[in-house]
Amino acid sequence: MFVSQAWPGLWRMVALALVLLVSLGVTQPVLAQADPEREAATAVGGVSPDTWRQVRSGETDANYRDTRFDTNYNLINASGEAWRQLRNRWVSPFGLIAIGGMLAMIAVFYVIVGRKELSAPRTGRKLPRWPLMVRSLHWTVATLFIVLALTGLNLLYGKFVFRPLLGDAVWGGMISASKIAHNYLGPLFGILLIVLLARLLKHNWPRKHDLEWFKKGGGMVGKAHVDAGEKLWFWLLATVGLAVIISGLVLDFPNYGQSRDTMQWANIIHGIGALGLTAVALGHIYIGTIGSEGSLEGMTTGYVDETWAKDHHNLWYEEVKDQAIGEETLASDEPTTDETAGRST
Ligand code: HEM
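Residues numbered from 1 in each chain as written. Predicted model: local features only at pLDDT ≥ 70, side-chain atom pairs only at ≥ 80, totals over all residues. Heavy atoms only, no water.

S.K.: Looking at this structure, how should I read the overall build of the protein chain?
M.R.: Looking only at helices and strands, the protein chain has 14 helices and three strands in total. Here the protein chain holds 345 residues, and the buried ones make up 36% of them. (Helix = DSSP H or I, 4+ residues; strand = E, 2+ residues; numbered from the N terminus. Buried < 20%, exposed > 50% of the residue type's maximum accessible area, 1.4 Å probe, protein only.)

Here it is, written out as structure tokens:
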């Protein structure tokens, strides 16, 4: 009896000691880094306006080393200051405006226009839209995108929100975890997004009727029957998305001899592209969920109702209407999805 009561207490002590030991290991280097006195002592030792003038005027050599190079190995990069200004004064506010603006627009749109309902009751007959392969790729890419967006936002804005809120030690752990997750998941996202885009390329090839969709304002307002919204999203991912992936790889692998200037430009392109995509992704997520009735089930079950197909992709509906399957048949045995599934016409 005595032993069984003493053991839980002992284990609690051991567990506590372990937690303390681990947290000491994690927080000490972080606190050391966060000590401004120590940072200043090991970083730039008193850079005078004169030194800056010297660097800017090009009196120093091309690798930006100042005249004190021989003694204390300071590196000064005038374009680094230009990059810092660009990042802090333009990229950061742009992100807040784009993402905050998009959230506000979606909220106002939802309140004023509301959810786009189906124009007629469901027929109960289903059309195969997205095969399992596309659905698996879509949800993996979407999950990775959301993790990258959250960790990326933390890298840019987290210190203003979480550092004062949680303190240096927790913030230190949080930001290093964000950085590691972002750096390692980025290339995986890049590869999978390219595979997804390659798989969807032939369905998204621009056609003449896509122009009509633009003229009708995108099919969210009124009775517009040609719907090419996903095509726009596709091509945004195929252009801006690719730029974000390439610039991300330039930043992720600095060991290929790229210059500081290249890294700075990669950072600016990566920031603007990723923040812009995050803003548009919010629109995509809105339309895919609460914004339009019946869209999400295509990407979850693989099938859409005939009424949805007629409303959103009338040309695609004309091509595939013969393949409609009754709900009961679908529940009893799963037919294979066809090549024409997933077309954005
Ligand atoms: C939770 C978040 C998301 C939801 C609920 C969602 C929902 C959907 C839905 C319902 C569709 C099918 C539309 C249709 O059948 O016409 C779709 C298509 C698609 N989504 Fe998402 N999505 C999300 C996030 C993302 C993200 C983050 C990406 C990319 C980074 C993405 C990329 C795509 C692509 C490429 C398509 C296919 C467009 C086409 O070729 O027609 N989605 N999504």
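S.K.: Can you walk me through the packing of aromatic side chains in this structure?
M.R.: Two aromatic rings, taken as a pair, are described by how far apart their centres are and by the angle between their planes. Using the criterion set out here, one finds five aromatic pairs in the structure. Here the aromatic rings of Phe 109 and Tyr 286 are separated by 6.4 Å at their centres, their planes lie at 85°, and the arrangement is edge-to-face. Within this pair, whereas Phe 109 is found in helix H5 (residues 78-112), its partner Tyr 286 is found in helix H10 (residues 260-288), the two being separated by 177 residues in sequence. Ring geometry for Tyr 110 versus Tyr 286: centroids 6.2 Å apart, planes at 85°, classification edge-to-face. Here Tyr 110, found in helix H5, pairs with Tyr 286, found in helix H10; they are 176 residues apart in sequence, far enough to count as distant. Taken together, the ring pairs in this structure connect Phe 109, Tyr 110 and Tyr 286 into an aromatic cluster. Above the ring of Trp 316, the side-chain terminus of Arg 129 is found at 4.7 Å from the ring centroid. (Phe/Tyr/Trp six-rings, centres within 6.5 Å; stacked < 30°, edge-to-face > 60°. Lys NZ or Arg CZ within 6 Å of the ring centre and 35° of its normal.)

S.K.: It is not clear to me how the confidence of the model for the protein chain should be interpreted in this structure. Could you clarify?
M.R.: Close inspection of predicted coordinates is inappropriate in any region flagged by low pLDDT. When pLDDT is averaged across the protein chain, the result is 83; 72% of the residues are at 70 or more. Highest mean pLDDT in the protein chain belongs to helix H7 (residues 168-200) (98); lowest belongs to helix H4 (residues 69-72) (44). Confidence over residues 1-6 falls short of pLDDT 50; this stretch has zero contacts with residues more than four positions distant or in other chains. Throughout residues 25-33 the model reports pLDDT below 50, and contacts reaching past four residues in sequence, or to other chains, amount to eight contacts. (pLDDT = per-residue confidence, 0-100. Contact = heavy atoms within 4.5 Å.)

S.K.: Sorry if this is basic, but what is going on with the pairing of strand S1 (residues 125-128) here?
M.R.: Note on strand geometry: in a regular strand, side chains alternate between the two faces of the sheet. Taken together, the two bridges between S1 and strand S3 (residues 325-326) define a ladder with antiparallel strand orientation. Opposite Arg 125, over in S3, you have Gly 326 as the bridge partner. Sheet analysis places S1 next to strand S2 (residues 303-305), joined by three bridges and oriented antiparallel. Bridging across to S2, Lys 126 finds its partner in Asp 305. (Pairing = 2+ DSSP bridges.)

S.K.: Mind showing me how you'd approach the coordination of the iron atom of the ligand here?
M.R.: By definition of the ideal shapes, a tetrahedral metal site with four donors has angles of 109.5 degrees and an octahedral site with six donors has angles of 90 or 180 degrees. Protein-derived coordination of the iron atom of the ligand comes from His 138 (NE2) and His 284 (NE2), at a distance range of 2.0 Å. Residue His 138 is classed as buried on the basis of its relative accessible area, which comes to 15%. (Donors = N, O, S within 2.8 Å, 3.2 Å for Na, K, Ca; no water.)

S.K.: Just to check I follow, could you spell out the nonpolar core for this structure?
M.R.: The nonpolar side chains of soluble globular proteins are, as a tendency, buried together. Counting 23 residues, the largest nonpolar core has Phe 189 and Leu 193 as its most contacted members. When residues no more than four places from it in sequence are discounted, the contact partners of Phe 189 are Val 141, Leu 144, Phe 145, Leu 148 and Ile 245. Formed by eleven residues, the second largest nonpolar core is a distinct cluster that contains Val 91, Ala 98, Tyr 157 and Leu 275. (Core = buried A, V, L, I, M, F, W, Y, C linked by side-chain atoms within 4.5 Å.)

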